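Per-entry structural report
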Amino acid sequence: MRLSYENKLLAILALSFGFVFFDRLALSFLFPFMAAELRLTPAHLGMLASALALTWSLSGLGLGAWSDRRGLKKPMLVAAVLAFSLFSAASGLVAGFLSLLLFRALMGVAEGPVLPLSQSLLAAASTPARRGFNMGIVNGSAPGLLGAVLGPPLLVALAETYGWRAAFYLSCLPGLLIAWLVWRHVREPAPAPMRADRGGGLIQLLGERNILLCVLIACSYITWFIILISFTPTFLIQVKGMSPQAMGAVMSSLGFAWVAWGALVPAISDRIGRKPAMVGFSLIAACCPLVLLNVDRMAWLLPLVFLSYTGLGCFTLFMATIPAETVSPRRIATALGMIMGVGELAGGFVAPTVAGFAADRYGLSIVMWIAMVGALLPALLSLGLRETAPLRLKPGGAVLEADRAPT
């Protein structure tokens, strides 16, 4: 049966953004193999994660807006996929911290626009009834599956068999294939009509209570995510004394939870409301670093990690659903860009470096306590959110005005 263009595009873009996270997270899984040879410490790991987050954030905001003005989404996506694949492979050539820092920063520049470009292409090709499902696959399930489920065991096996440098070299091969698929099968969307936006600027958006709270939640929650995903492999091997294979199993459990809760939390929020879902699942997410700290038996550790790693499901709510249900359709892109950008700068750029230096001074266990606070604060902040779920506001699931398609 011949695939429709919508399904073909969905598969290609899911692969594209999934391998963004495969390459972004590769350093975390390979760091224990690199540290001794390159004389790297947890502080170095934190600075490497911070550099990528900084360039990712700035590049995503700047190049995404530039692509809208120029109407060159397809060639930009091809160039971005090629570039982040080659810069990831170049990480295997490094001789020390500074060269590794340079390549990771350049990789962030290449990866930053992939999600905005993918969202634009998919929004133009999706039928209205499937738009949310399609974006959920690209934004949630694909990065979890490729970056956190398949990535840990595959990269660990490559590093143990061929060495960590070869693991970086081989990681670029899927990206080259994906770039060809984008060039061969993706169509440049027709230019959208230009419309004046009188919705106000960033200051006016921050006047919306939900938007301000979502910005603060993003800063804290991205801290939780980046610290856990960056430091957990090294923590499990150096502090818990696990083998590389056991570490890979725990990280895969995190990945399976990412895929599952990424779909379940937004679906549950449709029924119980955005606010209670954010509060409840954030409190559960705060337990995940405590599980990693205190549970040693693998028979308990793997299921408890899976059950407590619920935070990635909340990301859809505070980064997309709640803002989209709060502001007018003409202001959604600006609101989402601000929440993502500020959150990535604070939680992705500043927090890992702070956590790395704290780990050097107080031991690696401190990063788990920092991550716990990173999920606990969003639970408290979410108490101030104004409910936006249509089923919780109007009997029968009536559609909110902000959700209506513009005529």
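Residues numbered from 1 in each chain as written. Predicted model: local features only at pLDDT ≥ 70, side-chain atom pairs only at ≥ 80, totals over all residues. Heavy atoms only, no water.

Tallying secondary structure elements over the protein gives 17 helices and zero strands in all. A total of 407 residues make up the protein; the buried ones form 55% of that total. Within the protein, counting contacts between residues at least 6 apart in sequence, those at least 24 apart form 85% of the total. With the model as given, the accessible surface of the protein reaches about 17,100 Å², and the carbon-plus-sulfur share is 69%. (Helix = DSSP H or I, 4+ residues; strand = E, 2+ residues; numbered from the N terminus. Buried < 20%, exposed > 50% of the residue type's maximum accessible area, 1.4 Å probe, protein only. Contact = heavy atoms within 4.5 Å. Areas by Shrake-Rupley, 256 points an atom, 1.4 Å probe, with all protein chains shown as cover.)

Attention now moves to the packing of helix α3 (residues 73–90) against helix α4 (residues 97–111). Each packed pair of helices is defined by two parameters, the angle between the axes and the distance between the axes. The N-to-C vectors of α3 and α4 enclose an angle of 165°; their axes lie 8 Å apart at closest approach. By the angle class used here, α3 and α4 are roughly antiparallel. Between α3 and α4 lies a crossing of left-handed hand. On α4, the residues touching A80, A83, F84, F87, S88 and A90 of α3 are F103, L106, M107, A110 and E111. (Axes fitted to C-alpha atoms, helices over the stretch in contact; angles between N-to-C directions. Parallel < 35°, antiparallel > 145°, perpendicular 65-115°, else oblique. Left-handed = near helix turned anticlockwise from the far one by under 90°.)

So, about the packing of helix α1 (residues 5–38) against helix α8 (residues 173–185). Their axes nearest at 10 Å, the elements α1 and α8 cross at an angle of 150°. Between α1 and α8, the angle is such that the two are roughly antiparallel. α1 and α8 meet at a crossing whose hand is left-handed. Contacts between α1 and α8 involve Y5, K8, I12, L15, S16 and F19 from the former and P174, I178, L181, V182 and H185 from the latter.

The next subject is the pattern of salt bridges. Going through the model one piece at a time under the given rule, you end up with three salt bridges. Of the charged contacts, one joins R24 and E344 as a salt bridge, the two residues approaching to 2.8 Å between their closest N and O atoms. Of the two residues, R24 is situated in helix α1 and E344 in helix α15 (residues 332–362); the sequence distance between them amounts to 320 residues. Comparing R24 with E344 shows no difference in burial state: the two are buried. (Salt bridge = Lys/Arg side-chain N within 4 Å of Asp/Glu carboxyl O.)

Y221, W224, F225, M278, L292, Y309 and F318 are the most contacted members of the largest nonpolar core, which has 120 residues in total. The element contributing the most residues to this core is α1, with 20 residues. Once residues within four sequence positions are removed from consideration, L292 is found in contact with L228, T232, F235, L236, K240, V250, L301, V305 and M368. (Core = buried A, V, L, I, M, F, W, Y, C linked by side-chain atoms within 4.5 Å.)

What follows deals with the environment of P323. For P323, the location among the structural elements is in helix α14 (residues 311–326). Look at P323 and you get buried, because its relative accessible area is 0%. Distance in space between the C-alpha atoms of P323 and C214 is 7.7 Å, their sequence separation being 109 residues. The contact partners of P323, leaving out residues within four places of it in the chain, are I211, C214, L317, F318, L336 and I339.

The end-to-end C-alpha distance of helix α16 (residues 365–381), which contains 17 residues, comes to 26 Å, matching closely the 24 Å that a straight helix rising 1.5 Å per residue would cover. Burial in α16 covers these residues: V367, M368, A371, M372, G374, A375, P378 and A379. Relative to the axis of α16, the buried residues are bounded by an arc of 150° and lie together on one face. (Expected span 1.5 Å × (residues − 1). Arc of directions from axis to C-beta.)

What follows deals with the packing of aromatic side chains. Counted under the stated rule, the structure contains 14 aromatic pairs. Here W224 and Y309 contribute two aromatic rings whose centre-to-centre distance is 5.1 Å and whose plane-to-plane angle is 25°, an arrangement assigned as stacked. Note that W224 is positioned in helix α10 (residues 209–238) and Y309 in the loop between α13 (298–308) and α14, a separation of 85 residues in sequence. Aromatic rings pair up to connect F17, F21, W56, Y221, W224, F225, W258, Y309, F315 and F318 into one cluster. In this structure, K74 packs its charged tip against the face of W183, placed 5.1 Å from the ring centre. (Phe/Tyr/Trp six-rings, centres within 6.5 Å; stacked < 30°, edge-to-face > 60°. Lys NZ or Arg CZ within 6 Å of the ring centre and 35° of its normal.)

The next subject is the confidence of the model for the protein. Averaged over all residues, the pLDDT of the protein is 83; the fraction at 70 or higher stands at 86%. Long-range and interchain partners of residues 194–200, a stretch whose pLDDT sits below 50, account for six contacts in this model, where long-range means more than four residues apart. In this model, residues 396–407 is a region of pLDDT below 50 whose contacts with residues beyond four sequence positions or in other chains number 19 contacts. (pLDDT = per-residue confidence, 0-100.)

Moving on to the side chain of R274. Its location among the elements puts R274 in helix α12 (residues 274–294). Non-local contacts of R274, meaning those with residues more than four positions away in its chain, are made with P266, S269, L317, T321, I322, E325, E387, T388, A389 and P390.

What follows covers unusual backbone geometry. Residues apart from glycine generally show negative phi values, whereas peptide bonds are mostly found in trans. Phi at R39 takes a positive value of approximately 60°, unusual for a residue other than glycine. Its location among the elements puts R39 in the loop between α1 and α2 (42–70).

Our next topic: the environment of S230. Residue position: S230 is located in helix α10. Overall, S230 belongs to the buried group, its relative accessible area being 5%. Taking C-alpha positions, S230 is 7.5 Å from L45, a pair spaced 185 residues apart along the chain. In this structure, S230 is in contact with S28, L45 and A49, ignoring residues within four places of it in sequence.

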